[in-house]
Amino acid sequence: MKLRGLAVLTAAMASVMSCGGGATGPRGSLCDTRHGTEVCVDRPEYRSGEAIVITTRNVSNGSIFKDCGTTAVPAPDSEDEFRPAYNPRRRCGATVTRTEIVERMVRLEPGASTRETLRLGYSPQDFFHVTVWLLTLDGELAFDTPATSGVFVIFPGANN
């Protein structure tokens with residue numbers, strides 16, 4: 001993490017010195033597509049406590065089922081490091097059952113999309129992306145990795 005912090009500081013300083021403007025979040029797309037699902041965030045940077053607007057779109061030819069466990073997690077330095085664990089209790093409630101997960105999951109037909117807001121708690125400064133877990137009709141994981149958004153940065157809030 002110390003190396004990542006140094007990389008963030010170095011990138012911010014290079015941006016300020018080369019462009020003459022303020023440092024900004026990561027360059028690149030705010031969207032990513034995995035498993036026939038496009039996940040987008042509305043901005044390249046946030047502060048702790050702010051809200052992220054997330055758009056999830058089905059770009060496949062079949063129905064997809066979105067779990068209630070959408071969350072922001074630190075982006076890995078490489079894809080080899082990205083091995084998140086599915087934990088619906090983290091966002092769906094400590095006592096959520098498989099039946100409740102099936103009742104709450106959102107079905108998206110081809111081309112359909114949803115928008116939701118995720119309020120950030122305190123987060124250390126780092127690069128993040130949003131994860132969206134996809135399920136089968138009976139509530140099982142459809143894939144062993146989630147669909148994710150593009151990478152964005154979270155800065156500590158003014159009161160942190």
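Let me begin by describing the structure that accompanies this report. Just so it is clear, the structure is predicted and the values come from calculations on it, not from any experiment.

Right, let's talk about the overall build of the chain for a bit. When helices and strands are counted, the chain shows 3 helices and 12 strands. Buried residues in the chain amount to 38% of all 160 residues. Relative to all contacts within the chain whose residues are 6 or more apart in sequence, the contacts with residues 24 or more apart total 69%. Carbon and sulfur atoms make up 53% of the accessible area of the chain, which amounts to about 8900 Å² in all.

This next bit is on the packing of aromatic side chains. Scanning the model with the defined rule gives 3 aromatic pairs in all. On the basis of an interplanar angle of 80 degrees and a centroid distance of 5.2 Å, the ring pair of tyrosine 46 and phenylalanine 152 is categorised as edge-to-face. Here tyrosine 46 is found in strand β3 (residues 45-47), whereas its partner phenylalanine 152 is found in strand β12 (residues 152-155), with 106 residues between them in sequence. Residue tyrosine 46 is classed as buried on the basis of its relative accessible area of 1%. Measuring from ring centre to ring centre gives 6.4 Å for phenylalanine 128 and phenylalanine 152, while their planes differ by 20 degrees; the resulting arrangement is stacked. A residue pair is termed long-range when its members are at least 10 positions apart, and phenylalanine 128 in strand β9 (residues 126-132) and phenylalanine 152 in strand β12 qualify at 24 residues. Among the aromatic residues, ring-to-ring pairing joins Tyr46, Phe128 and Phe152 into one connected group.

Mapped onto the elements, serine 63 comes out in the loop between β4 (51-58) and β5 (64-66). In this structure, the C-alpha to C-alpha distance between serine 63 and arginine 107, residues 44 residues apart in sequence, is 6.7 Å. Residues in contact with serine 63, not counting those within four places in the same chain, are Asn58, Arg107, Leu108, Glu109 and Pro110. Among the polar contacts listed, one links the side chain of serine 63 to the side chain of arginine 107, at a separation of 3.3 Å. Looking at serine 63, its side chain comes within polar contact range of the side chain of glutamate 109, at 2.8 Å.

A separate point is the pairing of strand β2 (residues 37-41). Burial analysis of β2 places 5 of its 5 residues in the buried class, which makes it a mostly covered element. Of the two faces of β2, the one lined by Thr37, Val39 and Val41 and the one lined by Glu38 and Cys40 are each fully buried. Bridge count between strand β1 (residues 31-34) and β2: 4 bridges; the pairing is antiparallel. Within β2, the residue paired with arginine 34 across the bridge is threonine 37. Between β1 and β2, which pair antiparallel in sequence order, lie 2 residues; one of them, histidine 35, sits at a positive phi of approximately 55 degrees. Of the strand pairs in this sheet, β2 and β4 are connected by 5 bridges, and their pairing is antiparallel. The residue bridging threonine 37 from the neighbouring strand is asparagine 58, located in β4.

So, on to the sheet that holds β4. Read from one edge to the other, the open sheet built from 4 strands follows the order β1-β2-β4-β8, with strand pairing classed as antiparallel. A single partner strand is all that each edge strand has here, and the edge strands are β1 and β8 (113-119). The sheet shows a mean angle of 20 degrees between the axes of neighbouring strands, direction not considered.

Our focus in this paragraph is the nonpolar core. Formed by 18 residues in total, the largest nonpolar core has its most connected members in Val41, Ile52, Ala72, Val130 and Phe152. Looking at this core, the elements with two or more residues in it are β2, β4, β9 and β12. Of the residues forming this core, the biggest block, 3 residues, is contributed by β9. The next biggest cluster of nonpolar side chains, apart from the first, holds 6 residues, and it includes Phe65, Cys92, Met105 and Leu135.

Criteria and cut-off values
For every chain, the first residue of its written sequence is number 1, and the numbers climb from 1 along that sequence. Under the rules for a predicted model, residues below a pLDDT of 70 receive no local features and side-chain atom pairs below 80 are neither given nor counted, while totals for whole chains, interfaces and linings still include all residues. As a rule here, side-chain values cover all heavy atoms of the structure and leave hydrogens and water aside. Helix and strand labels come from DSSP, where a helix needs a run of H or I of at least four residues and a strand needs a run of E of at least two; each type is numbered from the N terminus. To sort residues, take the accessible area from a 1.4 Å probe on protein chains only and compare it with the maximum for the residue type: under 20% means buried, over 50% means exposed, and anything in between is partly exposed. The contact rule is simple, with two residues in contact once any of their heavy atoms fall within 4.5 Å. Computed with a 1.4 Å probe, the accessible areas rest on the Shrake-Rupley method; for each residue, only the protein chains presented here act as cover. For Phe, Tyr and Trp, rings pair up if their centres lie within 6.5 Å, where Trp contributes its six-membered ring, and each pair is then called stacked (planes under 30 degrees apart), edge-to-face (over 60) or tilted (otherwise). Contacts described as polar in this section are N or O atom pairs within 3.5 Å, which, within protein, must combine one atom able to donate a hydrogen with one able to accept it, while residues neighboring in sequence count only if both atoms come from side chains. Between any two strands, pairing holds if DSSP finds at least two bridges. A fitted line through C-alpha atoms represents every axis, and for helices the fit uses only the stretch in contact; the resulting angles, taken between N-to-C directions, go from 0 to 180 degrees. We call a set of buried Ala, Val, Leu, Ile, Met, Phe, Trp, Tyr and Cys residues a nonpolar core when their side-chain atoms join them within 4.5 Å.

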